[in-house]
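Take a look at the letters that make up each chain.
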Amino acid sequence: MALGVGIVGLPNVGKSTLFNALTRAQNAESANYPFCTIEPNKASVPVSDARLDQLAVIAKPRKVIKTTVDFIDIAGLVRGASQGEGLGNKFLANIREADAILHVVRSFADDDVVHVEGEVDPIRDIEIIETELLLADMQSLEKRLERIAKQARADKDLRKDVEAMELLLAHVNAGNPIRTYPWGKDDVIGTTMRESQFLTNKPVIYCANVSEQELETPNQNVKKIQQYAADKGCDVILVSAKMEAELAGLSDQERIDFLAAYGLTESGLEQTARMAYHTLGLASYFTVGPLEVRAWTFQRGWRAPKCAGVIHTDFERGFIRAEVIAFDDYLRLNGEAGAKAAGMMRLEGKEYQVQDGDVMHFLFNV
């Protein structure tokens, strides 16, 4: 399952520069003027996981296959986007493709880079974007409510749906994102939220775009963003898009040395992917063999058959059982043979909840 992260923000906050850096390819135009991005740029990026390298040392496979994150560079939004300003309706529609939102906020000051609002003010900038997303969801809800209300005139069973939708609309009208609504998984609102790609129902990661110096010593703008994110219950990362662009052209060892010079151990890509996994409740299990060592992404809480279906639908449909070795046991006992000999390979059935890092082999029959 590919994870899609939509990169959003005002024009000229560094979205396209960050996208280019994250994908290590200059395939998103970056320029010092609004709307240099119109069509969304997309790229599938492999996610580094040190555990894959550790497994490969033992298994010595022909290749190592990482899981991936799909990044979508969405054009800058402006005030009035929900009403179509700056091609806003088109850009808002692009966000619906994403599983999570990476909201890039400009924190650095640079007179050479114009700001559409005239000056750097991260909280104002955040609120502009979030207001437009709320207004877009409000419009969608109003249309849906109007349609259901008409149907309810002839079908009394739908009246409870109308009441539930009115409560949700009131929640949004009060300035609250849909993801904060206290719904139950089986109620009407839950069904509506699953069926609709509401923009404010997506998890948000705030990305403070800072100067290289501010990575080590965050300024007041960064602290404001961090406090705002904490108040909203969202994650936040600090990234210097300019630094990431410099990293993109370096070799692996050069990148390690470059990051170390700033007291860092991971790049913006690694931070973003790790944070996105955390925000969406995702994890990885591994398959290990002489041909390949591979990471597979799953939702925490999934049972073994559904995780097997990530590899192929036949694996889920014909699931019999799974052979499971915990990652730490696989390393400690030097592979599958050692784990078997020590009795650390388990046979798990359909009710087993897969754990992050499990080394798995599925038995199935179709």
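Since this is a predicted model, take the numbers as computed values, not measurements. (Residues numbered from 1 in each chain as written. Predicted model: local features only at pLDDT ≥ 70, side-chain atom pairs only at ≥ 80, totals over all residues. Heavy atoms only, no water.)

A.B. asks: How should I be thinking about the pattern of salt bridges in this particular structure?
C.D. replies: Think of it this way: side chains of opposite charge can pair up when their charged atoms draw near. Scanning the entire structure with this criterion turns up 10 salt bridges. For the salt bridge of arginine 124 with aspartate 125, the shortest nitrogen-to-oxygen distance reads 2.8 Å. Measuring nitrogen to oxygen at the nearest pair gives 2.9 Å for the salt bridge that ties aspartate 329 to arginine 332. Note that aspartate 329 and arginine 332 are positioned in helix α14 (residues 327–332) at a spacing of 3 residues, about one turn of the helix. One salt-bridge network, in which partners are shared between bridges, spans Asp49, Arg51 and Asp356. (Salt bridge = Lys/Arg side-chain N within 4 Å of Asp/Glu carboxyl O. Helix = DSSP H or I, 4+ residues; strand = E, 2+ residues; numbered from the N terminus.)

A.B. asks: For this particular structure, what's the right way to read the nonpolar core?
C.D. replies: It is characteristic of soluble globular proteins that their nonpolar side chains tend to be buried jointly. Leu3, Leu18, Val69, Phe71, Leu102 and Tyr206 are the most contacted members of the largest nonpolar core, which totals 56 residues. Once residues lying within four places of it in the same chain are set aside, the contact partners of leucine 102 are Val5, Gly6, Ile7, Val8, Leu18, Ile205, Cys207, Ile237 and Thr272. The next biggest cluster of nonpolar side chains, apart from the first, holds 17 residues, and it includes Tyr285, Ala308, Met360 and Phe362. (Core = buried A, V, L, I, M, F, W, Y, C linked by side-chain atoms within 4.5 Å. Buried < 20%, exposed > 50% of the residue type's maximum accessible area, 1.4 Å probe, protein only. Contact = heavy atoms within 4.5 Å.)

A.B. asks: Where do I start with unusual backbone geometry in this structure?
C.D. replies: Glycine aside, residues mostly have negative phi angles, and peptide bonds mostly take the trans form. With phi around 50°, lysine 60 is a residue other than glycine that occupies positive phi space. Within the element layout of this structure, lysine 60 appears in the loop between α2 (50–59) and β3 (63–65).

A.B. asks: Before we go on, may I ask you to explain the sheet that holds strand β6 (residues 204–209) in this structure?
C.D. replies: Backbone hydrogen bonds are what pair the strands of a sheet, in a parallel or an antiparallel way. If you walk across this open sheet you meet the 6 strands as β2-β4-β1-β5-β6-β7, and the pairing is mixed. Single-partner strands in this sheet number two, and they are β2 (41–46) and β7 (235–239). Averaged over all adjacent pairs, the angle separating strand axes in this sheet is 25°, with direction ignored. This element, helix α8 (residues 220–232), spans β5 (100–106), β6 and β7 of the sheet and lies at about 160° to β7. (Pairing = 2+ DSSP bridges. Axes fitted to C-alpha atoms, helices over the stretch in contact; angles between N-to-C directions.)

A.B. asks: How do you make sense of the packing of aromatic side chains when you look at a structure like this?
C.D. replies: The geometry of two aromatic rings is summed up by the distance between their centres and the angle between their planes. Taken as a whole, this structure holds 7 aromatic pairs when the rule is applied. Summarising the aromatic geometry, the rings of phenylalanine 258 and tyrosine 262 are spaced 5.6 Å apart at their centres and angled 35° between planes, so their arrangement reads as tilted. Every member of this aromatic cluster is reached through a ring pair, and the members are Tyr285, Phe298, Phe319 and Phe362. (Phe/Tyr/Trp six-rings, centres within 6.5 Å; stacked < 30°, edge-to-face > 60°.)

A.B. asks: Hey, could you run me through the packing of helix α9 (residues 241–248) against helix α10 (residues 252–261) in this one?
C.D. replies: When two helices pack together, their arrangement is given by the angle between the helix axes and the distance between those axes. Packing of α9 against α10 brings their axes to within 9 Å, and their N-to-C directions diverge by 150°. With respect to α10, the element α9 is oriented roughly antiparallel. The interaxial crossing formed by α9 with α10 has right-handed handedness. Only Arg255, Phe258 and Leu259 of α10 make contact with α9, whose side of the interface consists of Met243, Glu246 and Leu247. (Parallel < 35°, antiparallel > 145°, perpendicular 65-115°, else oblique. Left-handed = near helix turned anticlockwise from the far one by under 90°.)

A.B. asks: I tried to follow the confidence of the model for the protein on my own but got confused; where do I start?
C.D. replies: The predicted coordinates ought not to be read in detail in places where the model reports low pLDDT. Scored by pLDDT, the protein has a mean of 84; 85% of the residues are at 70 or more. This model gives residues 25–38 a pLDDT under 50, and the stretch forms 40 contacts once residues within four places in sequence are excluded. (pLDDT = per-residue confidence, 0-100.)

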